[in-house]
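Examining the three-dimensional arrangement
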Amino acid sequence: MAVDTQTVEKLAELARIDISEETLEEVSHRLGEVLQLVDQLQAVNTDGIAPMAHPLEEEQTLRIDAVTESDRRKEFLALAPQTEEGLYLVPKVID
Amino acid sequence: MHQLTIAEIILGLRRKVFSSTELTRHLLDRIQQLDSGFNSFITVTEERALTQAKAADQRLAGGEAPALCGIPIAHKDIICTSGVRTSCASKMLDNFVPPYDATIVEKLNAAGAVTLGKTNMDEFAMGSSSESSYYGPVKNPWNTSCVPGGSSGGSAAAVAALLVPGSTATDTGGSIRQPAALTNTTGLKPTYGRVSRWGIVAYASSLDQAGPIARTAEDAAYLLSAMAGYDPRDSTSLNRPQSDFGKGLNNALTGLKIGIPTEYFGEGLNPRTAACIQEALREYERLGAQLLDISLPHSKLAIPAYYVIAPAEASANLSRFDGVRYGYRCQTPEDLRDLYRRSRGEGFGEEVQRRILVGTYALSAGYYDAYYNKAQQVRRLIKQDFASAFEQVDVIMGPTTPAPAFKLGAKSADPVAMYLEDIYTIATNLAGLPGMSIPCGLVDNLPVGLQIIGNYLDEARMLNIAHRYQQATNWHTASAIAV
């Protein structure tokens, strides 16, 4: 199954990954190979089969609504590339 | 000292033949002298290790100490370690130093284990060869022109090179068992949920599971006993009674029913690998087990299902790496969109980008039902195959990998060929079952692994089955290293 470069550009935008012009053809080719592999699934009859999202089909356990973690805001902020006055800094979003 | 197993080190420490500090110093020196040839470590934590070893020696001198007290280990670099870089072998996290320990690190620290460092791996655990690391490929100690397998190649190579007696690793599609098979080590992927995933960087959350790599099943039992257990911080953690995984190691195997899936012995399996597996099965017959042919008819669909589900989950999990809160940020971004796109484009390697794009495709409008939903339905069929098989047999056995270790670079340009390396291991992850790989032979002086697949929460029995084989054979004692 081929994946055209426009589709790859759209996926790159959705995934927020910059793909250079030079590698676009190569990425399209490789993605096509992977999708060809997974296309084998289309031949399987799965009528009436419920999808399985969790291997053991355990129910999500609910925790008691109580704070168990301590406040480590400063430590987590210290990991960021840029912060100021306790806020994460990013380039200007609105003019 | 570097040739000792964990069980032998436990005795040596208690009999005061050597101290944990002496052993730790010895292994740190070996890493410094030898690891440039294997590239199995990303970070060596010398100072911390010696401090932990000193504390372990004091604890041992005081009498009551847990079995793992003073035992040197290494952690795969996807497992968060407080104050120690946790890079996932990615440029994206090259500068990431977590302020907390993963639950399994907490548990092993509490047991007195000594951490020598963080091991190399495929970037974000995506791979079957440990070549996609930002820090360069890991080399197989049995033949340094070959891969050690992936993604936990560093954890396996460090054990095989006698740099550390045991390590932690993770397995999303075979990443504990496959490198264990290719390096002549013993690797165990527990039942999904048996070991907490809290503090382990998520790749595909419904498949990822941490476990040990060691030289023997007995050593793996020691490590798993310390690692496993319910963790309220991981909502997928199983709240089941904890086993002592070493307790039944010597149980007899008389009457054990071993299922042999016909699908695991067909086209694509190296004939000499197959011969090693057949000989291992004959050994199990001599130990009193009965071999039964079984069928896992949907097993050929495990790889296509995996390469929808895992990338889909990865595309969601890796969305957190956006250059804002931690990790790599591109230089001089023009705007927020540019910051996201370039940080991720420059920070992630080729294979990680490819899987994110495949996952984005599978989850995008118009394709969700045809890919993601379909794959989850096939996943149920795969699980049902195993359920039917376990109505007839106690365990399933077959090859871990289709062939021994391949040459570095041989499959780097062909992702689909690389994906097929996990053909016998992926189905157990989709079903959430436990799986092991134990050494069972050599082909051209490269190791072959026998895979043991157990029923849910049957790790203790699997370790017993592996241990009895290791009592009867000596493949696991074969070493890549002369001295």
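Refer to the structure above for everything that follows.
Predicted model, so just to flag it, every value in this text is computed and none were measured.

1. Here's the deal with the layout of surface pockets
- Space inside the largest pocket adds up to approximately 640 Å³.
- A breakdown of the residues in the lining of the largest pocket according to their chemical character gives 14 nonpolar, six polar and six charged.
- Roughly 440 Å³ of internal volume is contained in the second largest pocket.
- Looking at the second largest pocket, it is lined by 19 residues, and the ones nearest its centre are R63, T68 and E69 of chain A together with P232 and R233 of chain B.
- Split into classes, the residues belonging to the lining of the second largest pocket amount to eight nonpolar, four polar and seven charged.

2. Side note on the packing of aromatic side chains
Residue and element names in this part refer to chain B.
- Taken as a whole and assessed by the stated rule, the structure comprises 16 aromatic pairs over all chains.
- Aromatic pair F124 and F321: ring centres 5.1 Å apart, planes at 55°, arrangement tilted. Here F124 is found in the loop between β3 (114-119) and α5 (153-160), whereas its partner F321 is found in the loop between α9 (302-317) and α10 (336-347), with 197 residues between them in sequence. Each member of the pair, F124 as well as F321, is classed as buried.
- Both rings, one in Y284 and one in Y469, keep their centres 5.3 Å apart while their planes meet at 15°; by these two values the pair is stacked. Residue Y284 is found in helix α8 (residues 271-286), and its partner Y469 is found in helix α15 (residues 459-472); the two are separated by 185 residues along the sequence.
- With a relative accessible area of 2%, Y469 lands in the buried category.
- Feature note: the residues F96, F124, F321, Y326 and F348 constitute an aromatic cluster, connected by ring pairs.
- The ring of W198 is capped by R233, whose NZ or CZ atom sits 3.9 Å from the centre of that ring.

3. Looking at the sheet that holds β3 of chain B
Residues and elements named next belong to chain B.
- The strand order across the open sheet built from eleven strands is β1-β3-β2-β4-β6-β5-β10-β11-β9-β7-β8, with neighbouring strands paired in mixed fashion. Unpaired on one side and paired on the other, β1 (41-44) and β8 (290-294) mark the two borders of the sheet. Put simply, the sheet's adjacent strands are angled 30° from each other on average, direction ignored.
- Relative to strand β9 (residues 395-399), strand β7 (residues 257-261) runs parallel, the two sharing two bridges. Looking at β9, one finds that I258 is bridged to V395.
- The sheet strands contacting α15 are β5 (186-189), β9, β10 (435-443) and β11 (446-454), and the helix crosses β10 at an angle near 20°.

About the criteria used
- Residues numbered from 1 in each chain as written.
- Chains lettered and ligands numbered in written order.
- Predicted model: local features only at pLDDT ≥ 70, side-chain atom pairs only at ≥ 80, totals over all residues.
- Heavy atoms only, no water.
- 1 Å grid on protein atoms, 1.4 Å probe; cavity = no way out; pocket = protein on both sides within 12 Å on 5 of 7 lines; lining within 4 Å.
- Points joined across faces, edges and corners; volume = space filled by probe spheres on them.
- Nonpolar A, V, L, I, M, F, W, Y, C, P; charged D, E, K, R; others polar.
- Phe/Tyr/Trp six-rings, centres within 6.5 Å; stacked < 30°, edge-to-face > 60°.
- Helix = DSSP H or I, 4+ residues; strand = E, 2+ residues; numbered from the N terminus.
- Buried < 20%, exposed > 50% of the residue type's maximum accessible area, 1.4 Å probe, protein only.
- Lys NZ or Arg CZ within 6 Å of the ring centre and 35° of its normal.
- Pairing = 2+ DSSP bridges.
- Axes fitted to C-alpha atoms, helices over the stretch in contact; angles between N-to-C directions.
- Contact = heavy atoms within 4.5 Å.

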